[in-house]
Amino acid sequence: MALVGLVLVCILALVAWARLTDRPLDARPVEAAISHERILHIDSTLGGAAQVTDQKGVIIAQFAAGDAVFISTIMRVLERERLKHGIGADGPVHLRKRGDNRITIFDPATHRETELNSFGTDNVAAFAALLHMEAN
């Protein structure tokens, strides 16, 4: 029990030191070069429906409620982050392929880039397909 207490005190001390010294985050992914990028507008609903358009407003994909739950969930997270920063909820996102297989979504409004690979292969595949879809 004393060992657990010692470990907790050490962790608390390290976290306090990192916060007080504004130490930068070290556990960031390696910035691999962007091998493919597409700027998209994604409108989503709470029910899981989504419409994806390119920069010119041409529809790339439409998903019925329940067919694009992961895409609409990611967009709601980005919209909530924009609202926290006092930015309008709409606006483009940059869907990026980094290196050989990392897929990220970058929000230029908040400068937030989200790694999508950690959400499972099916979810990443939904976004990866958008990188290469042609307009309807």
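A few points on the structure.

Conventions and cut-offs
- Residues numbered from 1 in each chain as written.
- Predicted model: local features only at pLDDT ≥ 70, side-chain atom pairs only at ≥ 80, totals over all residues.
- Heavy atoms only, no water.
- Helix = DSSP H or I, 4+ residues; strand = E, 2+ residues; numbered from the N terminus.
- Rg over C-alpha atoms; globule rule 2.2 N^0.38 Å.
- Buried < 20%, exposed > 50% of the residue type's maximum accessible area, 1.4 Å probe, protein only.
- Contact = heavy atoms within 4.5 Å.
- Areas by Shrake-Rupley, 256 points an atom, 1.4 Å probe, with all protein chains shown as cover.
- Pairing = 2+ DSSP bridges.
- Axes fitted to C-alpha atoms, helices over the stretch in contact; angles between N-to-C directions.
- Expected span 1.5 Å × (residues − 1).
- Patch = residues over 30% accessible without salt bridge, like charges linked within 9 Å, V, L, I, M, F, W, Y side chains within 5 Å.
- Salt bridge = Lys/Arg side-chain N within 4 Å of Asp/Glu carboxyl O.

Of the regular secondary structure elements, the protein chain holds 3 helices and 6 strands. Taken over the C-alpha trace, the protein chain has a radius of gyration of 19 Å; the compact-globule value for 136 residues is 14 Å, which it surpasses by more than 25%. The buried share of the protein chain, taken over its 136 residues, is 29%. Long-range pairs, those at least 24 residues apart, make up 48% of the contacts in the protein chain between residues at least 6 apart in sequence. Accessible surface, the protein chain: about 8700 Å² in total, of which carbon and sulfur atoms supply 60%.

Ordered by their spatial adjacency, 6 strands build an open sheet running β3-β2-β1-β4-β5-β6, and the pairing between neighbours is antiparallel. For this open sheet the edge positions go to β3 (59-63) and β6 (112-115), each flanked by a neighbour on one side alone. For this sheet, the mean inter-axis angle between neighbouring strands, taken without regard to orientation, is 25 degrees. In the sheet, strand β4 (residues 93-98) pairs with strand β5 (residues 102-107) via 5 bridges, with the strands oriented antiparallel. Bridging across to β5, H94 finds its partner in F106. Across the face of the sheet, helix α2 (residues 69-84) comes into contact with β1 (34-44), β2 (50-53), β3, β4, β5 and β6 while running at roughly 85 degrees to β1. Each of β1, β2, β3, β4 and β5 is contacted by helix α3 (residues 121-132), which is oriented at about 105 degrees to β1, the strand it contacts most.

Here we come to the pairing of β1. As paired elements, β1 and β4 share 6 bridges and run antiparallel to each other. Following the sheet pairing, I39 is matched in β4 by H94. Both β1 and β2 contribute to a ladder of 4 bridges, which runs antiparallel. Bridged to I42 within β2 is V52. Two successive antiparallel strands, β1 and β2, enclose a turn made up of 5 residues, where G48 displays a positive phi of approximately 100 degrees.

Let us look at unusual backbone geometry. Its identity is not glycine, yet H111 carries a phi of approximately 60 degrees, on the positive side. Residue position: H111 is located in the loop between β5 and β6.

Moving on to α3. An α-helical turn contains 3.6 residues, so a residue and the one three or four places further along point in the same direction. Its 12 residues give α3 an end-to-end C-alpha distance of 17 Å, which sits within 8% of 16 Å, the value for a rise of 1.5 Å per residue. Where α3 is buried, its residues meet β1, β2, β3, α2, β4 and β5.

The next point concerns a nonpolar patch on the surface. The grouping of L3, V4, L6, V7, L8, I11 and V15 at the surface amounts to a nonpolar patch, some 660 Å² of accessible area in total. Residue placement: L6 occurs in helix α1 (residues 2-20).

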